[in-house]
Amino acid sequence: MSRDTHQTHDETDFASQVRSPADAQSWIGVETPPYYGDTAVNLGTIQQFCAAVEDGNPTYWDAEFAERVWGGAVAPPAMTMVWTTQLPWKPGGAQRTPPLMSRLPLPVDTAVNVANETIYHAPFRVGDKISMTEHIGALSEEKRTRVGVGYFVTTVSEYRREDGTLVATQTNTLFRFRSDGPTTGADI
Amino acid sequence: MQSHGYLQRDWTDIVEGAALPEIRDTMSFTRVASALSATLDYFPVHHDPNYARDKGHPNVLLSTIQIMGLVDRAVTDWTGPESFIRRRSVRLSAPIYPDDQVRIFGHVLAKHLEWRGSSGHFVDFAVTIEKADAVRCCDAEVTIELPVEGSANGWRLL
């Protein structure tokens, strides 16, 4: 499949070229090729994450415990998306591929996440090089909410080990919208 | 059952309706910032206050990944570190901003011996995150699996 892969500095800005939502409809169900992150599942990032959520689970801090219980070090399941997200800079200026939910062309300028359901089939093991494929599961018609006018974008992503073992299946719904300007920051 | 000095709760002892210990946490700006390199979630609304305000927020807001980590921790702090999270569903409403004081609470919804065609020891939880004035930030459901009592080597990476 070919599609416009033009990436601007604002790709992570969730800004989109103004397109008709009919263009976006044609993306539904089309599976991406696999994405890879820049680093394998690793203990350094794991412990930084545990510090950010103050999780003292010995699974992540006690190597002997992890070996005895899990057969080795594993990552917190909440870090699913981290392992296939690329660094913001790499030597040679390699381009980041934003997730499908934000690449989908819609007349919007920002987004807020609404829901996430993830099923875990196996752990993310330290050393695993994880790949992800995804597709647009659903795209709502234009909706007005308290934060602005936009679209609910649902993506279904599968995360796999190098040998193809399915580790996690994620369904995420993101509300992409045109911001109305300063609000009270109230919820959707 | 004690595990290496950590309390591991046994499936047979878990009762429907049992409450998770409430967690009260103040999400300082530093806590929000500390998640940036650990999540690689560089969407500017999570680290750039100017961007966040330009889009209608009073400040940067916690990422989904960090919220999911808090939910998981609230469950496994109680169930014990030999628990494997099988499913987590979160619905996000009010954003969590720096200096918000959050309250994370929950309870056992159900326990069962089968989940998606697999047999084992499973427990379902409801977990809620609220901030000041009982404003709802997150409604979650978590299903964890516990090792079956008496199995020789625990999980061994399933």
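In this text the structure is predicted, and so the values were computed from the model without any measurement.

J.: Sorry if this is basic, but what is going on with the confidence of the model for chain A here?
T.: Caution applies to low-pLDDT regions: their predicted coordinates should not be interpreted in detail. All names here are of chain A. Confidence in the prediction of chain A, expressed as mean pLDDT, is 85, and 84% of residues score 70 or more. Element-level mean pLDDT values for chain A span from 78 in helix H1 (residues 21–25) up to 97 in helix H2 (residues 43–53). Across residues 1–15, confidence stays below pLDDT 50; counting only partners more than four residues off in sequence or on other chains, it has 32 contacts. Note on residues 183–188: pLDDT under 50 across the span, and 16 contacts to partners over four residues away in sequence or across chains.

J.: I'm lost on the side chain of Arg73(B) in this one. Help?
T.: Along the chain, Arg73(B) turns up in helix H4 (residues 64–79). Here Arg73(B) falls in the buried class, since its relative accessible area comes to 10%. Only 3.1 Å separates the side chain of Arg73(B) from the backbone oxygen of Glu54(A), close enough to count as a polar contact. In contact with Arg73(B), other than residues within four places in its own chain, are Val53(A), Glu54(A), Asp55(A), Ile23(B) and Asp25(B).

J.: It is not clear to me how the interface of chain A and chain B should be interpreted in this structure. Could you clarify?
T.: Each side of the interface is counted separately: chain A has 53 residues, and chain B has 53 residues. Between chain A and chain B, the buried area comes to about 4600 Å², and carbon and sulfur atoms account for 57% of it. Area buried by chain A at its contact with chain B is led by Ala52(A), Trp70(A) and Tyr120(A), which between them contribute 13% of it. At the junction of chain A with chain B, the criterion picks out three salt bridges. The partner of Asp109(A) in a salt bridge is Lys55(B), with the nearest N and O atoms 3.7 Å apart. Where chain A meets chain B, there are 16 residue pairs in polar contact (both at pLDDT 80 or more). Elements with a contribution of two residues or more to the side of chain A that touches chain B: H2, helix H3 (58–61), helix H4 (63–70) and strand S2 (110–120) of chain A.

Analysis parameters
Residues numbered from 1 in each chain as written. Chains lettered and ligands numbered in written order. Predicted model: local features only at pLDDT ≥ 70, side-chain atom pairs only at ≥ 80, totals over all residues. Heavy atoms only, no water. pLDDT = per-residue confidence, 0-100. Helix = DSSP H or I, 4+ residues; strand = E, 2+ residues; numbered from the N terminus. Contact = heavy atoms within 4.5 Å. Buried < 20%, exposed > 50% of the residue type's maximum accessible area, 1.4 Å probe, protein only. Polar contact = N/O pair within 3.5 Å; in protein donor to acceptor, adjacent residues only side chain to side chain. Buried area = accessible area lost by both parts, 1.4 Å probe. Salt bridge = Lys/Arg side-chain N within 4 Å of Asp/Glu carboxyl O.

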